[in-house]
Amino acid sequence: MNRSGLRSVPSVDRVLRELGVTELPRPLIVRIVRREIDALRKGEEIPAPAQVLSRIRKAVQALASLRIQPLINGTGILVHTNFGRAPLGPLVVERLSTIASSYNNLEYGAVSGGRGSRAGYLEEGLAVLCNSEAATVVNNNAAALVLIVRHLCGSARPSDAGPSHSGSDKTVRDEVIISRGELIQIGGGFRVPEILESSGARLREIGTTNKTSLDDYDRAISPRTAMILKVHRSNFFMDGFVESPRTSEIATLSRRYKVPFIEDLGSGAMVETERVAQELEHEPIPREALGHGVDLICFSGDKLLGGPQAGVIAGKAKWVAALKREPLFRALRCDKLVLSALEATVDLYLTESKVRPSHVGAGGSESIRVIEMMRLTNEELLERAQAIVSALRDTGVTTVVGEGHSQIGGGTLPRSEILSVTLDLSHPTLKPQEIAERLRTRAIPVVGYVSRGTFKIDLRTVFRPQDEELVKAICEVCNRGVV
Ligand SMILES: *Cc1c(COP(=O)(O)O)cnc(C)c1O
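Residues numbered from 1 in each chain as written. Predicted model: local features only at pLDDT ≥ 70, side-chain atom pairs only at ≥ 80, totals over all residues. Heavy atoms only, no water.

1. Overview of the overall build of the chain
- What the chain contains, in helices and strands, is 18 helices and 17 strands.
- Taken over the C-alpha atoms alone, the chain extends approximately 90 × 60 × 60 Å along its principal axes.
- Here the chain holds 483 residues, and 48% of them are scored as buried.
- Put simply, of all contacts in the chain between residues at least 6 apart along the chain, 72% involve residues at least 24 apart.
- Of the charged side chains in the chain, 62 are positive and 57 negative; the average position of the first set lies 6 Å away from that of the second. (Helix = DSSP H or I, 4+ residues; strand = E, 2+ residues; numbered from the N terminus. Buried < 20%, exposed > 50% of the residue type's maximum accessible area, 1.4 Å probe, protein only. Contact = heavy atoms within 4.5 Å. Lys, Arg positive; Asp, Glu negative; His and termini not counted. Charge placed at Lys NZ, Arg CZ, Asp CG, Glu CD.)

2. A word on the site of the ligand
- Ala-142, Ser-234, Asp-264, Ser-300 and Lys-303 are the nearest of the 13 residues found near the ligand.
- Arg-85 has a polar side-chain atom sitting 2.9 Å from an oxygen atom of the ligand.
- Ser-300 places a polar side-chain atom, nitrogen or oxygen, 2.7 Å from an oxygen atom of the ligand.
- Here the ligand has 390 Å² of accessible area as a free molecule, and 94% of this is covered by the chains.
- For the shell around the ligand, the elements supplying multiple residues, two or more each, are helix H6 (141-152) and strand E10 (261-266).
- Grouping the constituent residues of the shell around the ligand by class yields four nonpolar, six polar and three charged. (Near = heavy atom within 4 Å. Polar contact = N/O pair within 3.5 Å; in protein donor to acceptor, adjacent residues only side chain to side chain. Areas by Shrake-Rupley, 256 points an atom, 1.4 Å probe, with all protein chains shown as cover. Nonpolar A, V, L, I, M, F, W, Y, C, P; charged D, E, K, R; others polar.)

3. Observations concerning empty space enclosed by the protein
- The full count for this structure, using the stated rule, is two cavities of 30 Å³ or more.
- Elements with a contribution of two residues or more to the lining of the largest cavity: helix H1 (12-19) and helix H3 (49-64).
- Looking at the lining of the largest cavity residue by residue, the class counts come to five nonpolar, no polar and two charged.
- As for the second largest cavity, its lining consists of Ser-179, Glu-182, Thr-212, Tyr-217, Lys-230, Ser-244, Pro-245 and Ile-250.
- Looking at side-chain class alone, the lining of the second largest cavity contains three nonpolar, three polar and two charged residues. (1 Å grid on protein atoms, 1.4 Å probe; cavity = no way out; pocket = protein on both sides within 12 Å on 5 of 7 lines; lining within 4 Å. Points joined across faces, edges and corners; volume = space filled by probe spheres on them.)

4. Observations concerning the layout of surface pockets
- A volume near 1,200 Å³ is recorded for the largest pocket.
- As for the largest pocket, its lining consists of 39 residues, and the residues nearest its centre are Arg-67, Gln-69, Pro-70, Leu-71 and Pro-445.
- Where the lining of the largest pocket is concerned, the elements lending two or more residues are H3 and strand E1 (72-73).
- Here the lining of the largest pocket gets six residues from one element, more than from any other, and that element is H3.
- Taken together, the residues of the lining of the largest pocket sort by class into 20 nonpolar, 12 polar and seven charged.
- When its volume is computed, the second largest pocket comes out at roughly 700 Å³.
- Considering the residues around the second largest pocket, the lining is formed by 28 residues, among which Lys-230, His-232, Arg-233, His-282 and Pro-284 are closest to the centre.

5. So, unusual backbone geometry
- Backbone geometry places Ala-119, a non-glycine residue, at a positive phi of 65°.
- Inspection of the secondary structure puts Ala-119 in the loop between strand E3 (114-115) and helix H5 (120-130).
- With phi around 55°, Asn-131 is a residue other than glycine that occupies positive phi space.

6. Regarding the sheet that holds strand E9 (residues 225-231)
- One open sheet holds the seven strands; their spatial order is E4-E12-E11-E10-E9-E5-E8, and the pairing between them is mixed. Each edge of the open sheet is held by one strand with a lone partner, namely strand E4 (134-138) and strand E8 (202-206). Looking at each pair of strands side by side, their axes are set apart by 25° on average, direction ignored.
- The strands touched by H6 are E4, strand E5 (175-179), E9, E10, strand E11 (296-300) and strand E12 (311-315); relative to E11, the strand with the most contacts, the crossing angle is about 155°. (Pairing = 2+ DSSP bridges. Axes fitted to C-alpha atoms, helices over the stretch in contact; angles between N-to-C directions.)

7. Some words on the domain arrangement of the chain
- If you check the domain split of the chain, you get domain 1 (12-64), domain 2 (72-85 + 373-480) and domain 3 (90-359).
- One C-alpha centre belongs to domain 1, the other to domain 2; they are set 35 Å apart. (Domains from an automatic or database assignment.)

8. Here we look at the state of the cysteines
- Counted by the stated rule, this structure contains zero disulfides.
- Cysteine Cys-153 is unpaired, with the sulfur of Cys-298 as its nearest cysteine sulfur at 13 Å.
- The exposure class of Cys-153 is buried, given its relative accessible area of 8%.
- Distance from the sulfur of Cys-334, which forms no disulfide, to the nearest cysteine sulfur (Cys-298) is 14 Å.
- Overall, the relative accessible area of 4% leaves Cys-334 in the buried class. (Disulfide = S-S within 2.5 Å.)

9. Here's the deal with the pattern of salt bridges
- Counting across every chain of the model gives 24 salt bridges.
- In this structure, Glu-272 engages Arg-275 in a salt bridge whose closest nitrogen and oxygen atoms are separated by 3.7 Å.
- Shared partners join several salt bridges into a network, and the residues in it are Glu-107, Arg-115, Arg-118 and Arg-333. (Salt bridge = Lys/Arg side-chain N within 4 Å of Asp/Glu carboxyl O.)

10. A look at the side chain of Ser-267
- With respect to the helices and strands, the residue Ser-267 is situated in the loop between E10 and helix H10 (273-276).
- At 3.2 Å, the side chain of Ser-267 and the backbone nitrogen of Leu-304 are in polar contact.

11. Notes on the nonpolar core
- Ranked by size, the top nonpolar core spans 60 residues in total, and within it Tyr-349, Ile-371, Met-374 and Ile-408 carry the most contacts.
- The element contributing the most residues to this core is helix H14 (residues 336-351), with nine residues.
- Counting only domains with at least three residues in this core, you end up with domain 2 (72-85 + 373-480) and domain 3 (90-359).
- In this structure Met-374 touches Leu-78, Val-276, Ala-277, Leu-280, Leu-304, Ile-408, Ile-418 and Arg-460, once residues within four positions along its chain are discounted.
- With 33 residues, the next largest nonpolar core counts Val-138, Val-149, Met-227 and Leu-323 among its residues. (Core = buried A, V, L, I, M, F, W, Y, C linked by side-chain atoms within 4.5 Å.)

12. Observations concerning the packing of aromatic side chains
- The final tally for this structure, using the stated rule, is zero aromatic pairs.
- Over the face of the ring belonging to Phe-463 we find Arg-369, whose NZ or CZ atom lies 4.1 Å from the ring centre. (Phe/Tyr/Trp six-rings, centres within 6.5 Å; stacked < 30°, edge-to-face > 60°. Lys NZ or Arg CZ within 6 Å of the ring centre and 35° of its normal.)

Written out as structure tokens, the structure reads:
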């Protein structure tokens, strides 16, 4: 019906009254209603009031679904970038909440009664864990890489530039030597070459996609070389006609030419993944890389380390100290919540016997969530699956115990899968995609996956206390109207 017809644009007040209570703060709903009504005023046709209301309800729901909220991860992907990467365990959360709700000594030295060192305790713990001279932390691994590259490219090198390089030699050091096989993209929007160039570096690409030799590194080194960078190919693997020199060989070369050697490890696994679950391959460990002679490493806090989002930098004390003096460091620093969660995570590694690396002392009892999930045995999972299946008898959704393959995810161990236990759901009239949609669009979303025409929920990434909610969610699948 057009403007001259009988229908008129409803008033904002009327729509708000008819919407009734919804779960969002009223000012947000008012904003949506105004926007929708403005759009109606500009349009040719004015739909029926019921249609107007349904459009507005959909817009409200769409906004509500963007609010950060818990979900049940039935994908079997342990470090899921879309799901906030590593979930934190109860001890870490307890620390976090204690610090969050109270004043604290973030930069206060209680002993001196004056200004204290921010992250001083954490830096010591990280250094012990990485077996490094020093360590520090910034906002995320991308930030760590930017800070390192910005510092080493273009600026004067603090102490290792020999007399031949100072004074008369005015060559700028701005080149980062990197293998073409490591110019990778991680997730959305992290491309190593772009990060390097935006940090003021010139790329000195060497070798080919599949082969880079030590000689390629050797020939690329010049007075313009600021650093050699090695990037862990975390989210893909190459097989076949492949070659790259060992880390220790590159380290020897870098020492000969006095060029800093940096490795972006990506994940920062502290435990030997192949010992946690036998199907897993070995993921590079920070202390190993440093042991091979790398000057500085960086890695994420929220991948296999299992902590909050952060970027850890560890290695030579003089480089760590120099990075901390960079003005940019201030812009990349972590807040008290992240620092306290990371501190608690590192403490768990240093005290917990199940995750403690072999080179540090004895320990306690709580664990790191992502590692606990890797460790879950299929007997445990099977027992839970059977309990869920019997709770779901006579509900209309046929649920049977199936087999799945959990992945580490988050761009780590792309080749490795852990055998796992799934709930396989089917329904006489609903398609697997429809089951998926109904579970996904409830108040506490359940996200599974469809494999070979079956909708599956991998129990490895569902926490035991969520089993009850899962049963509820599956029951609802049949009782819900079309979404
Ligand atoms: C994940 C990853 C990054 C990015 O880390 P963020 O903590 O997300 O910034 C960088 N490099 C490698 C090799 C990675 O795997």
